[in-house]
Amino acid sequence: MDLALELDLRRGRRIGLEDALRQAIVAGRLPAGTRLPSSRVLAEELGLGRATVVAAFEQLAIEGYLVAAPGSGTRVASIPALGGHADLAAPERRVLHTDLLPGEPDLGSFPRAQWASTIRRVLTTSGDDLFSYDDPRGRRELRVALAAYVSRARGVHAHPDRIVVVPGYSSAIPLLADAFCALGITRVAVEDPCLPPHARALAAAGQELVPIPVDDGGLRVQDLGDEGAVLCTPTHQYPIGVALAPDRRGALVTWARETGGWVVEDDYDGEFRFDRHPVGALQGLDPSRVIYAGTASKSLAPGLGLAWLVLPPALVEPVVQARRRRRAAVSTIEQAALADFIDTGRLDRHVRRMRSAYRRRRDALLSILVPRYEVIGIAAGLHVTVVTERERELVERATSRSIALLGIGDHVVAEQTRSGLVVGYSRAPAHAFAAALERLAAVVEDA
């Protein structure tokens, strides 16, 4: 391919090439996935030494702008395009993005080879119904596999006929909201703070939100009233990171029984426990009042679009009807692949491997934070919460160093009662995590 670059060599050939490529990527002239010329070809076209080009490629790969893979050359990585023609020549104006946001696993660790072989197997061994319209609850083999998996791994009381497969938990919320409306429920309680898109999805589906504060014991169950349902993260509250206290677990189930309400349990990262035995799902206390929501977004990848609801018998048909109306279909091929992935033990092996990798990342992060701050939510999950009254100041300091961080305030529904940082440690690529910690350490030390 032809590549038009304007080199400013006043600061040296390698830096000039780095700046020119970096500016072209950030401005969007080199979109993500673009394959660059080989180092030999580019060196010849620009009149540079090949070693200079190789060194520039390596530096940009470290910074996350390029991705080099054996056999496929060097390609532009996926980064937010800023547009325009920003002057990135000065070092202080370079956009070196360090992602410590919560919410995603390490996508580079996705088991590509195993998933590819699984896809090949289901394509060659499944019947023609694999390519037909989906059962409104999801494919039978996946629901059977999920029932066995969540029963074994999370202590959920599950039957295949009470499982509905959905495109993701965010897609499940409107389905549940519709089902609640069909039952005459128009007010749903949510944790405050919580993940904002989930609250917005409820409101967009016509439900009135009732924010319930979260403290060190999790959701303040005693503040619940006559709401018809409540969305919560009892095993690892997002974003605070605490587990729902044992007495409140029982109190929440009692509230549901006495009021006829429903509890929606979002077990978004239930597989990742580090310093304690796994906390069983709340649903095990009362499968008739608790809706269990699980997802492959953290254990595998959000791009698969696979999640599931284990429903009380009374809610199965209302949710199925909502799934039909909203056309919340899921790829039948991906469903069959996940069923095979579970049945062959590949999911368990991948989760165990990632649990070890994330624990090492968490420990490295704590070595920077703990000497200076109180850190909570460290026993589980893919993020920690740093307790500090200087939330906005630290977020701004991080932003000035091109570090993406969120504060508790970014998750508040009604009233902010505590301050802190929400630091994810799973999202950054493995090769860039050490550099991300170094930049975070500089922010912490400056403060």
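Residues numbered from 1 in each chain as written. Predicted model: local features only at pLDDT ≥ 70, side-chain atom pairs only at ≥ 80, totals over all residues. Heavy atoms only, no water.

1. With respect to the packing of helix α11 (residues 346-369) against helix α13 (residues 430-446)
At a minimum axis distance of 10 Å, the contact between α11 and α13 shows a crossing angle of 15 degrees. Comparing their axes, α13 and α11 come out roughly parallel. The interaxial crossing formed by α11 with α13 has right-handed handedness. Residue-level inspection shows Arg361, Ala364, Leu365, Ile368 and Leu369 of α11 in contact with α13, the latter providing Ala430, Phe433, Leu437, Leu440, Ala441 and Val444. Partitioning the contact of α11 with α13 into residue classes produces 10 nonpolar, no polar and 1 charged. (Axes fitted to C-alpha atoms, helices over the stretch in contact; angles between N-to-C directions. Helix = DSSP H or I, 4+ residues; strand = E, 2+ residues; numbered from the N terminus. Parallel < 35°, antiparallel > 145°, perpendicular 65-115°, else oblique. Left-handed = near helix turned anticlockwise from the far one by under 90°. Contact = heavy atoms within 4.5 Å. Nonpolar A, V, L, I, M, F, W, Y, C, P; charged D, E, K, R; others polar.)

2. Some details on the side chain of Thr385
Within the secondary structure, Thr385 sits in strand β13 (residues 383-387). Leave out the neighbours within four places in its chain, and Thr385 touches Pro239, Ile240, Gly241, Glu374, Val375, Ile376, Ile408 and Leu421.

3. Some words on the sheet that holds strand β5 (residues 187-192)
Read across the sheet, 8 strands follow the order β4-β11-β10-β9-β8-β5-β6-β7 without closing on themselves; strand pairing throughout is mixed. A strand with exactly one partner marks an edge of an open sheet, and here the two such strands are β4 (163-166) and β7 (218-219). Bridge count for strand β9 (residues 262-266) against strand β10 (residues 290-295) is 4 bridges, and the pairing is parallel. From the neighbouring strand, Glu265 faces β10, where its bridge partner is Tyr292. (Pairing = 2+ DSSP bridges.)

4. Digging into helix α7 (residues 196-204)
It helps to recall that an α-helix has 3.6 residues per turn; residues three or four apart then point in one direction. Buried within α7 we find His198, Ala199, Ala201 and Leu202. Along the axis of α7, the buried residues cluster in a sector spanning 160 degrees; they form a single face. Turned more than 90 degrees off the buried face of α7, the exposed positions are Arg200 and Ala204. The inward-facing, buried residues of α7 abut α6 (169-182), β5, β6 (208-215), β8 (229-232) and β9. Once α7 finishes, Gly206 follows within two positions and takes phi at roughly 100 degrees, a positive value. (Buried < 20%, exposed > 50% of the residue type's maximum accessible area, 1.4 Å probe, protein only. Arc of directions from axis to C-beta.)

5. Things to note about the confidence of the model for the protein
Keep in mind that low pLDDT regions are not for reading the predicted coordinates in detail. Confidence along the protein averages 89 in pLDDT terms, with 94% of residues attaining 70 or more. Between the elements of the protein, mean pLDDT differs from a low of 76, seen in strand β3 (residues 98-99), to a high of 98, seen in β8. Considering only residues more than four positions removed or in separate chains, one finds that residues 81-96, a stretch of pLDDT under 50, has 32 contacts. (pLDDT = per-residue confidence, 0-100.)

6. Quick word on helix α12 (residues 391-400)
Of the residues making up α12, those classed as buried are Glu391, Leu394, Val395 and Ala398. Looking straight down α12, one finds its buried side chains confined to an arc of 100 degrees; they lie on one side. Of the exposed residues in α12, the ones pointing more than 90 degrees away from its buried face are Glu396 and Ser400. Buried residues in α12 make contact with β14 (403-404), β15 (406-407), β16 (420-424) and α13. At the C-terminal side of α12, Ser402 shows a positive phi close to 60 degrees.

7. Looking at the side chain of Gln283
If you trace the backbone, Gln283 turns up in the loop between β9 and β10. Here the side chain of Gln283 touches His157 through a polar contact of 2.8 Å, landing on its backbone oxygen. (Polar contact = N/O pair within 3.5 Å; in protein donor to acceptor, adjacent residues only side chain to side chain.)

8. Some details on the nonpolar core
One broad trend across soluble globular proteins is that nonpolar side chains are buried collectively. Counting 60 residues, the largest nonpolar core has Trp115, Leu300 and Val423 as its most contacted members. With 9 residues, the top contributor of residues to this core is α11. The contact partners of Val423, leaving out residues within four places of it in the chain, are Leu100, Leu365, His383, Val384, Val386, Leu405 and Leu440. Grouped together as the second largest cluster of nonpolar side chains are 31 residues, Ile173, Val264, Leu315 and Val319 included. (Core = buried A, V, L, I, M, F, W, Y, C linked by side-chain atoms within 4.5 Å.)

9. Remarks on the state of the cysteines
The tally for this structure, following the rule as stated, stands at 0 disulfides. Cysteine Cys181 shares no disulfide, and the gap to the nearest cysteine sulfur, in Cys194, comes to 18 Å. Take Cys194: it sits in no disulfide, and the sulfur closest to it among the cysteines is that of Cys232, at 11 Å. (Disulfide = S-S within 2.5 Å.)

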